[in-house]
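Listed below, chain by chain, are the residues.
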2 protein chains.
Amino acid sequence: MASGGRKRKLIVQKYGGTSVGDISRMQNVARRALAAQRAGNDVVLVVSAMSGETNRLLKLINDITPTASEREQDVVLATGEQVSVGLVAIAIQAAGGKATSVLGHQCRILTDSTHSKARIQQIDGTRLLDAVKQGHIAVVAGFQGVDEAGNITTLGRGGSDTTAVAIAAALEADACEIYTDVDGVYTTDPNVAPAARKLDRISYEEMLELASLGAKVLQIRSVEFAMKYRVPLWVKSSFTDDPGTLVCEEDASMEDLVVSGIALDRNEARISVRNVPDQPGIAAQIFGALDEKAIVVDLIVQNPPLEGKCNLTFTVGRADLVKATEVVKKLSKSLGAGEISTDQDIAKVSIVGVGMRNHSGVAARMFRTLSSEGVNILAISTSEIRVSCLIASKYAELAVRALHTEFGLDAKARKPARKGK
Amino acid sequence: MASGGRKRKLIVQKYGGTSVGDISRMQNVARRALAAQRAGNDVVLVVSAMSGETNRLLKLINDITPTASEREQDVVLATGEQVSVGLVAIAIQAAGGKATSVLGHQCRILTDSTHSKARIQQIDGTRLLDAVKQGHIAVVAGFQGVDEAGNITTLGRGGSDTTAVAIAAALEADACEIYTDVDGVYTTDPNVAPAARKLDRISYEEMLELASLGAKVLQIRSVEFAMKYRVPLWVKSSFTDDPGTLVCEEDASMEDLVVSGIALDRNEARISVRNVPDQPGIAAQIFGALDEKAIVVDLIVQNPPLEGKCNLTFTVGRADLVKATEVVKKLSKSLGAGEISTDQDIAKVSIVGVGMRNHSGVAARMFRTLSSEGVNILAISTSEIRVSCLIASKYAELAVRALHTEFGLDAKARKPARKGK
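Please read all numbers here as calculations on a predicted model, not as lab measurements.

Caption draft 1: Fine view of the overall build of chain A. In terms of regular secondary structure, chain A is built from 11 helices and 20 strands. Relative to the compact-globule value of 22 Å for 421 residues, chain A shows a C-alpha radius of gyration of 24 Å, a close match. For chain A, the C-alpha atoms occupy an extent of roughly 75 × 55 × 35 Å along the three principal directions. Taken across its 421 residues, chain A has 48% of its residues classed as buried. Within chain A, contacts between residues at least 6 apart in sequence are counted, and of these 74% link residues at least 24 apart.

Caption draft 2: Main features of the packing of helix H3 (residues 70-94) of chain A against helix H3 (residues 70-94) of chain B. Contact pair H3 of chain A / H3 of chain B: the axes reach a minimum separation of 8 Å and the direction vectors enclose 170°. Judged by the angle between their axes, H3 of chain A and H3 of chain B are roughly antiparallel. Seen along the crossing, H3 of chain A lies across H3 of chain B with a hand that is left-handed. Contacts between H3 of chain A and H3 of chain B pair Glu72, Val75, Val76, Thr79, Gln82, Val83, Val85, Gly86, Leu87, Ala89 and Ile90 of chain A from the former with Glu72, Val75, Val76, Thr79, Gln82, Val83, Val85, Gly86, Leu87, Ala89 and Ile90 of chain B from the latter. Partitioned by chemical class, the residues of the contact of H3 of chain A with H3 of chain B number 14 nonpolar, six polar and two charged.

Caption draft 3: Representation of the nonpolar core. Grouped together as the largest cluster of nonpolar side chains are 254 residues, with contacts concentrated most on Leu45, Val88 and Val140 of chain A together with Leu45, Val88 and Val140 of chain B. Beyond its immediate stretch of four places on either side in the chain, Val140 of chain B contacts Val44, Leu45, Val46, Val85, Val102, Cys107, Leu128, Thr163 and Ile167 of chain B.

Caption draft 4: Looking closely at the relation of the copies chain A and chain B. Rotating chain A by 179° and moving it 0.1 Å along the rotation axis overlays it on chain B with an RMSD of 0.2 Å. Both chain copies can therefore be described as sitting about a two-fold axis. In terms of C-alpha distance to the rotation axis, chain A has Thr79 of chain A as its closest residue, with the C-alpha 2.7 Å off the axis. Both copies present the same face, since 100% of the interface residues in chain A are matched by interface residues at the equivalent positions in chain B.

Caption draft 5: Here's a closer look at the environment of Asp278 of chain B. All names here are of chain B. Within the secondary structure, Asp278 is located in the loop between strand S14 (268-277) and helix H8 (282-292). Residues Asp278 and Cys176 lie 102 residues apart in sequence; the distance between their C-alpha atoms is 51 Å. Among all residues touching Asp278, those that are not within four sequence positions of it are Pro305, Gly308, Lys309 and Cys310.

Caption draft 6: The packing of helix H2 (residues 53-64) of chain A against H3 of chain A, seen in detail. Residues and elements named next belong to chain A. Put simply, H2 and H3 touch, their axes get as near as 8 Å, and they point 150° apart. Considering their axes alone, H2 and H3 lie roughly antiparallel with respect to each other. As for the relative orientation of H2 and H3, their crossing is right-handed in sense. From H2, Glu53, Thr54, Leu57 and Ile61 reach across to H3, where they touch Gln73, Val76, Leu77, Thr79 and Gly80. Considered class by class, the residues forming the contact of H2 with H3 number four nonpolar, four polar and one charged.

Criteria and cut-off values
Each chain has its residues counted from 1, running along the sequence as written. Labels are handed out in written order, letters beginning with A for the chains and numbers beginning with 1 for the ligands. Under the rules for a predicted model, residues below a pLDDT of 70 receive no local features and side-chain atom pairs below 80 are neither given nor counted, while totals for whole chains, interfaces and linings still include all residues. Helix and strand definitions follow DSSP, with helices as H or I runs of at least four residues and strands as E runs of at least two, each counted in order from the N terminus. We compute the radius of gyration over the C-alpha atoms and compare it with the globule rule, which gives 2.2 Å times the number of residues raised to the power 0.38. Field definition: a residue is buried when 20 or more other C-beta atoms are found within 10 Å of its C-beta, exposed when 12 or fewer are, and partly exposed for counts in between, with C-beta atoms placed from the backbone. In this description, any two residues whose backbone-derived C-beta atoms lie within 7 Å of each other are considered to be in contact. Fitted lines through C-alpha atoms serve as axes, helices being fitted only where they are in contact, and the angles separating the N-to-C directions of these axes extend from 0 to 180 degrees. Angle categories are assigned with fixed cut-offs, so that under 35 degrees is roughly parallel, over 145 is roughly antiparallel, 65 to 115 is roughly perpendicular, and the rest are oblique. Put simply, a crossing is left-handed when the front helix is turned counterclockwise from the back one by less than a right angle, and right-handed when it is turned clockwise. By the convention adopted, Pro, Cys, Tyr, Trp, Phe, Met, Ile, Leu, Val and Ala count as nonpolar, Lys, Arg, Asp and Glu as charged, and the other residues, Gly among them, as polar. Core membership is restricted to buried Ala, Val, Leu, Ile, Met, Phe, Trp, Tyr and Cys residues, and these are joined into a nonpolar core through C-beta atoms within 7 Å. C-alpha atoms of residues with pLDDT of at least 70 in both copies form the basis for the least-squares superposition of the copies.

Here you go:
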């Protein structure tokens, strides 16, 4: 195979649940993988469970009990990907190619033992490299791994992206292509802002901010992994030949754009505590207690103290609201704090761009835009390449569209997209 | 656990596809297993795929290609049992018990690499014994194993019986209980002969003859395994509390019965070759050629030669008829043999019993019975504890019923069944 003068490239392709949703789509995946192989690449596939399959299995589990042990849930759920790899390998063989399916325990995708959201620690690439050396397309089960003791683990929803990037990193692949049902990363959700535009390129850092802010294209851990190991990551559609979006290292040209994308997150809830005594260590007590319950706190705003008391506002994931409120209620009594209020009708809108580093006044421009639309800002948080505002959820779409226009992201407002690479 | 004076018994229970066919049936299995545990036993379960699941998976495979590689088929099919073990373990936990699912590669059910019909070579019982020592019910995936290279293998239809018996042998279990949708082994198929009677006990040898003759209660290899390792094997219903049938070593009382059961096999086809030259080595050539194509020949009848020619008749599995006829046609030309005829409208009826060893004239009694019913015998074969006759298929039910009565097996004709054990 690799005996020619030029070394063959190694490509990892990942296909999500909708891309392997039925037999004809699997045959489509087989054709794409074989085309990549014929074009002179060694190919490793990572596939998810057929769409709907994970939910079918979860329903079986929940019909027994809503509190099934996570170890056994992982055993059941991991079968979804196992079926897919076998069928995709068969589809490749039926199309005249050579293929070998590989399960998590077979290429030893070693994870910790945190069932249902395990983290990959190590991958033994030998089996995969042996397969591709013999002209096979290796078809690896996404989402699943195995711990030191040989228990089946799963990586959590969207975990197949992480599998793909981790394998690309372990094999030092030339590229990792994530195939999905959209044709790339957009400046914002096209369902919210019809003027949304596909990006040709985006930096890891920006993608990470967008992913963590609720853009559903890539699992956040897969982007972290890609950034850490500098894996060039393509987001492509399995239904078109569009080149997609390249997620890669930042370069000078990216800084021309002040803002690359706008994210909207509706999955947070706000908790406010009034009249918290303004003493050192009080905030640490509250957020320490939340951390103990594994509740992740996002935005935090503390008003300047007035008469020795201050108001504290913060957001948590909506699913954690009840648990978090209980924790805070218990504490507020012993701390002598006042009334607690909660609000689920909120949304977090964020602008993201590496260009912010070199452009001043970006945050102010965002606030001005929201203000001119009559949108009140409930809380603010920023990072080096991001500004997030908490607003009432009824203004969410309006805010996204206004910011999209303001920062020159609307499709019509810009010159034709640059070619990727 | 085993700290008391009396050693706890270890029981392996196997539940087939209908016994785990839906959630409520799995909960039933959980209750039965927990009852056995509460009664003072260590319990290992072996479960099959939910009924219908293997066919669903086979359909997916066949929708791609009818000639899928057996390695990949095994990867897909093995998921059926994986789903079952996870769900049954969850059902046991939900019922208040402790349970751990164990896959073929986790307790290293080592097989050869003959995908789709692999043979078990070795089982590492450590993981299972560790689990039961900690008060867990170990729930093992039937039907699947793993070869030296770590590939998933399957044991063929009915393979879960073999898994159960092999595990019982490896763990030196006190009993292996095969739960199914019938309540034991019958003297013959009750659908054919309404007077059929459930047996309390039957010897391994008899069960082996009955299993290989088409009785569908137990997979033949599981009986061989049980006989080899002297595992006491119970056939029970998962829907009743009937004690079932014990398959065990022959004892003196079994010999009182001349015939224990009557088997009917409709899956054979007859091939006859006329005017085969009566020369040494001709039969060897024909059957050698069939063997090369992995075609199993059952009955063989060769008429005495007349004028240097003889007629050769033999039976093969119906699925092999076309292939076998081709082989024979090719050979018969070069051998100078005559016309070839085939017949699928045949049935093989057999009487089985260890008592035959001590009773003479059993075969003659069988022939007389068939003759008195006007049934012509096309071919005969015998073993030490079996006589088989090939007859026209239209007489099959009549023959079974007549023999069932003749050998005193009819329910009404006999004293009440003895208690097992």
